[in-house]
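Read off the chains here:
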Amino acid sequence: MSANTSKSGMSRRSFLKGGAALGVFPAPQVLAQSSEPFRVGFLTVLTGPLAAGGKQQEEGAALFLKERNGMIGGRKVELITQDTTGNPALAKTKLQELVERHRVAVSIGPLATNEAIAMDGYVRDTKVPLITTTSAATVDLKSHAVNPWVLHAFGTAPQVTYPLGDYAAKTLGFKKIAVVAEDFTYGHEGAGGFQLGFEGAGGKIVQKLWPPLNAPEYAPYLAAIKSDVDAIYMGFAGSNPLRFLKQFSEFGLKGKVAVLGNTTSTDEGILRVMGDEGVGVITGGWYAAGLDTTDNKKFVAGINEAYKHDPGFYTAGPYTALLIIEEALKTTGGKTDAAAFLKAMQDVRLTHGPIGPVRLDEYGTPVLDIHIRKVARVDGKLTNTIIMTYPRVSQFWIFDPKQFIQQPVFSRDYPPSKFLE
């Protein structure tokens, strides 16, 4: 979840307008190869506390299409954007509109995990593929049979925080940590993964605090943090990491208690408006603008040129989803017959793109590298510097998949709190 995207040479208004079809710079000689446009639904958040992430998502999609003159697999693309506002019920309604009114062949999005969960049954019934562009929900596996029509451009929320918890115990030597995470699906899943990774490596979670997503201030939670913990794990999304870290610093805790966080806590989209309160925060993530690969340098340069700032994980999500679609269309010859198109996407093995090699497991969730990142000033700019990489991490971490799926869903109460004080 638990934030930027959009203008690449086109009118921001035309790109953002919910439900407006976007054909980006079609090349006439290629368009002639296919008279039928390729319609892609795009569900993101344009308003509310998660809108910063939605803007990044738009930028990633716009860059991808700009690089290809608005074509994928020899077909003109119509990217049809819908604002879900971060509301699960509305997200489902917007998906229905994309499928039933606009007849999209595939959709990408949404931004929030709880939105994706709300869509699951509809996707299962209509069999129109959805590629999620944020952290996948492990609840998909735990509550019912895997939905073959849902694929994931990124891994699950705990897939990032298992290694972070492991790193906190084994490398940093922390013994006691307090959790402060937002009280919704993304917050529960990230915190749960961190707890399993940390306690599995010998640490103890001694406190759990759950502010709501729209908490007006964090003073009551900051005042409650135990004085003898080695660190806190923060699980926030959207613009809330900035608010929390500012208040954490104002409260006099910076420098006294270390801060660890989920990938959205210091995403590049929020880093650029942070000050010294962000320095030293350690997070886990699938992506960082500083990844030293040829493909990522090209991706960063494209976003820098168009938007004058670095991309973050939200930016890389739609870009990666569209890469998967592009590779699948190469296999099908540009055709989107439901079963063949789905299989082609499931079989994609990305060897290029901003986040590096990606393959989907049998549940449609990527196996990928997880990076431990530390915020530092580099050339005067706050940067997620990569201090360690856990290679080829699956959504199951070190656990047996069959047993893992049988466990309860992540929540306030699961994993159970064995060491609360």
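Cut-off values and rules
Sequence positions are assigned chain by chain, starting from 1 and proceeding in written order. Local features are withheld for residues below a pLDDT of 70 in this predicted model, meaning they are given only at 70 or higher, and side-chain atom pairs are given and counted only at 80 or more; totals for whole chains, interfaces and linings count all residues. Only hydrogens and water are set aside when side-chain values are computed; all heavy atoms of the structure are taken into account. We count a stretch as a helix when DSSP gives it H or I for four or more residues in a row; a strand needs E for two or more, and each element gets its number in order from the N terminus. A 1.4 Å probe rolled over the protein chains alone gives each residue an accessible area, and that area as a share of the maximum for its type sets the label: buried under 20%, exposed over 50%, partly exposed in between. A contact between two residues is defined here by any heavy atoms of the two lying within 4.5 Å. What we call a nonpolar core is a set of buried Ala, Val, Leu, Ile, Met, Phe, Trp, Tyr and Cys residues that are connected through their side-chain atoms within 4.5 Å. The salt bridge definition used is simple: a Lys or Arg side-chain nitrogen within 4 Å of an Asp or Glu carboxyl oxygen. In this analysis, rings of Phe, Tyr and Trp, with Trp reduced to its six-membered ring, are considered paired at centre separations within 6.5 Å, and the interplanar angle assigns stacked below 30 degrees, edge-to-face beyond 60, and tilted for intermediate values. The rule is short: NZ of Lys or CZ of Arg within 6 Å of the ring centre and within 35 degrees of the ring normal puts a charge over the ring. The axes are straight lines fitted to the C-alpha atoms, using for helices just the contacting stretch, and the angles between their N-to-C directions are given from 0 to 180°. Between 65 and 115 degrees an angle is taken as roughly perpendicular, under 35 as roughly parallel, over 145 as roughly antiparallel, and anywhere else as oblique. A crossing counts as left-handed when the near helix is turned anticlockwise from the far one by less than a right angle, and as right-handed when that turn is clockwise. Ten residue types, Ala, Val, Leu, Ile, Met, Phe, Trp, Tyr, Cys and Pro, are classed as nonpolar, four, Asp, Glu, Lys and Arg, as charged, and the remainder, Gly among them, as polar. How far a helix is expected to stretch is found by multiplying one less than its residue total by 1.5 Å. Think of it as the arc spanned by the lines of direction from the helix axis to the C-beta atoms.

Draft legend 1. Main features of the side chain of Q195. With respect to the secondary-structure elements, Q195 resides in helix 8 (residues 185-200). Residue Q195 is classed as buried on the basis of its relative accessible area, which comes to 1%. Contacts of Q195, omitting those with residues within four sequence positions, involve G200, I205, K208, P415, P416 and S417.

Draft legend 2. Highlighting the nonpolar core. Ranked by internal contacts, the top residues of the largest apolar core, which has 90 residues, are I131, I177, F194, L260, Y287, I325 and M345. For this core, the element with the highest residue contribution is helix 13 (residues 313-332), accounting for 11 residues. Discounting chain neighbours no more than four positions away, the residues touching I131 are V106, S107, I108, G109, L151, H152, A153, A321, I324, I325 and M345. If you look at the next biggest cluster of nonpolar residues, it comprises 25 residues, including V180, M234, L253 and I270.

Draft legend 3. Representation of the pattern of salt bridges. Enumeration according to the criterion identifies 17 salt bridges in this entry. With a closest N to O distance of 3.1 Å, E67 and R68 form a salt bridge. Given a relative accessible area of 31%, E67 falls into the partly exposed group. Among the charged side chains, a network of salt bridges with common partners joins E36, R39 and E78.

Draft legend 4. Region of interest: the packing of aromatic side chains. Counted according to the given criterion, the structure contains 23 aromatic pairs. When the centroid spacing of 5.4 Å and the interplanar angle of 80 degrees are considered together, the rings of F396 and F404 count as edge-to-face. An aromatic cluster of three or more residues is present, and its members are Y162, Y363, Y390, F396, W397, F399, F404, F410 and Y414. Over the ring of F64 we find R68, and its NZ or CZ is 3.7 Å from the ring centre.

Draft legend 5. Structural context of unusual backbone geometry. The omega angle of the peptide bond from G109 to P110 is 0 degrees, so this bond is cis rather than trans. Following the sequence through the fold, P110 ends up in the loop between strand 5 (106-108) and helix 5 (113-126). With omega at 10 degrees, the peptide bond leading from Y414 into P415 counts as cis. Looking at the secondary structure, you find P415 in the segment after helix 15 (401-406). Look at R392: it is not a glycine, yet its phi comes out positive at around 50 degrees. Positionally, R392 belongs in strand 16 (residues 381-393). Phi angles above zero are rare outside glycine, and W397 is one such case at about 55 degrees. Within the secondary structure layout, W397 lies in the loop between strand 16 and helix 15.

Draft legend 6. Spotlight on the packing of helix 13 against helix 14 (residues 338-346). Following both chains from N to C, one finds helix 13 and helix 14 inclined at 125 degrees, their axes separated by 8 Å at the closest point. In terms of their interaxial angle, helix 13 and helix 14 are classed as oblique. Relative to helix 14, helix 13 is oriented so that their crossing is right-handed. Seen from helix 13, the contacting residues are I324, I325, A328, L329, T331 and T332; seen from helix 14, they are A340, F341, A344 and M345. Of the residues belonging to the contact of helix 13 with helix 14, the class tally is eight nonpolar, two polar and no charged.

Draft legend 7. Fine view of helix 12 (residues 294-307). The end-to-end C-alpha separation of helix 12 is 20 Å, in line with the 20 Å expected for 14 residues at 1.5 Å each. Regarding helix 12, the residues found buried are N296, F299, V300, G302, I303 and Y307. For helix 12, the buried positions fall inside an angular range of 160 degrees around the axis, keeping them on one side. The exposed set on the far side of helix 12, more than 90 degrees from its buried face, consists of T294, K297, K298 and E305. If you follow the buried residues of helix 12, they end up packed against helix 3 (51-67) and helix 13. A positive phi of about 65 degrees marks K308, the residue just after helix 12.

Draft legend 8. Broad picture of the packing of helix 4 (residues 88-100) against helix 5. Across the interface, helix 4 lies against helix 5 with an axial gap of 8 Å and an inter-helix angle of 35 degrees. The handedness of the crossing between helix 4 and helix 5 is right-handed. Along the contact surface, helix 4 presents P88, A91, K92, L95, Q96, V99 and E100, while helix 5 presents N114, E115, A118, M119, Y122, V123 and T126. The residue inventory of the contact of helix 4 with helix 5, partitioned by class, reads eight nonpolar, three polar and three charged.

Draft legend 9. Up close: the environment of L323. Mapped onto the elements, L323 comes out in helix 13. Classification of L323 as buried rests on a relative accessible area of 1%. Separated by 27 residues in the primary sequence, L323 and L350 place their C-alpha atoms 7.9 Å from one another. Not counting residues up to four positions away in its chain, the partners in contact with L323 are F64, R68, L350, H352, G353 and P354.

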